[in-house]
Amino acid sequence: MDKSKRLFLKPKRSLRRRLPPIGSGDRIDYRNMSLISRFISEQGKILSRRVNRLTLKQQRLITIAIKQARILSLLPFLNNERQFEKNELVARTTGLRTRKK
């Protein structure tokens, strides 16, 4: 093979298959917090299928379980406590100002 043709060949990747994030014995349920918490970001958002490496059916079940847990107050809808505290402090300080005559 010529040198010019060798430059365009892609390097071969190892085809090591990753383990699925949900085992066959794991039950997807809103009460299984240890399982559900693996599929939520730090901000409380549901991670996408690409990030989770789940099948479509598993992603649907995880999404439903997370939403049920949020409704039952097992999980927060948003997890941005620091941002909330900052906004609360700003609102308090601006509300105290009064007009001078």
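It should be noted that the structure appears before, not after, this text.
What this report covers is the structure whose coordinates are included nearby. (Residues numbered from 1 in each chain as written. Predicted model: local features only at pLDDT ≥ 70, side-chain atom pairs only at ≥ 80, totals over all residues. Heavy atoms only, no water.)

1. Focus on the pattern of salt bridges
- Per the counting criterion, the structure on display carries two salt bridges.
- Where Arg-31 meets Asp-29, a salt bridge forms, and the shortest distance between an N and an O atom there is 2.8 Å.
- On the basis of relative accessibility, which here comes to 58%, the residue Arg-31 falls in the exposed class. (Salt bridge = Lys/Arg side-chain N within 4 Å of Asp/Glu carboxyl O. Buried < 20%, exposed > 50% of the residue type's maximum accessible area, 1.4 Å probe, protein only.)

2. What about the nonpolar core?
- If you look at the biggest cluster of nonpolar residues, it comprises 11 residues: Ile-22, Leu-35, Ile-36, Phe-39, Ile-40, Leu-54, Ile-62, Ala-65, Ile-66, Ala-69 and Leu-75.
- At four residues, helix H4 (residues 56-71) tops the list of elements feeding residues into this core.
- Discounting chain neighbours no more than four positions away, the residues touching Ile-40 are Lys-45, Leu-47, Ile-66 and Leu-75. (Core = buried A, V, L, I, M, F, W, Y, C linked by side-chain atoms within 4.5 Å. Helix = DSSP H or I, 4+ residues; strand = E, 2+ residues; numbered from the N terminus. Contact = heavy atoms within 4.5 Å.)

3. Structural notes on H4
- With 16 residues, H4 ought to run about 22 Å at 1.5 Å a step, and its terminal C-alpha atoms sit 23 Å apart, in line with that.
- Buried residues of H4: Gln-59, Ile-62, Thr-63, Ala-65, Ile-66, Ala-69 and Arg-70, and no others. For H4, the angular spread of the buried residues around the axis is 165 degrees, confining them to a single face. Facing away from the buried side of H4 by over 90 degrees, the exposed positions are Lys-57, Arg-60 and Ile-71.
- In the stretch just after H4, Ser-73 is the one whose phi turns positive, near 65 degrees. (Expected span 1.5 Å × (residues − 1). Arc of directions from axis to C-beta.)

4. Points about the environment of Ala-69
- Mapped onto the secondary structure, Ala-69 falls in helix H4.
- In sequence terms Ala-69 and Met-33 are 36 residues apart; their C-alpha atoms lie 8.6 Å from each other.
- Ignoring sequence-local partners within four residues, the contact set of Ala-69 consists of Tyr-30, Leu-74 and Leu-75.

5. Quick word on a nonpolar patch on the surface
- On the surface, Ile-71, Leu-72, Leu-74, Phe-77 and Leu-78 cluster together into a nonpolar patch covering about 570 Å² of accessible area.
- Note on placement: Leu-78 falls in the loop between H4 and helix H5 (81-95). (Patch = residues over 30% accessible without salt bridge, like charges linked within 9 Å, V, L, I, M, F, W, Y side chains within 5 Å. Areas by Shrake-Rupley, 256 points an atom, 1.4 Å probe, with all protein chains shown as cover.)

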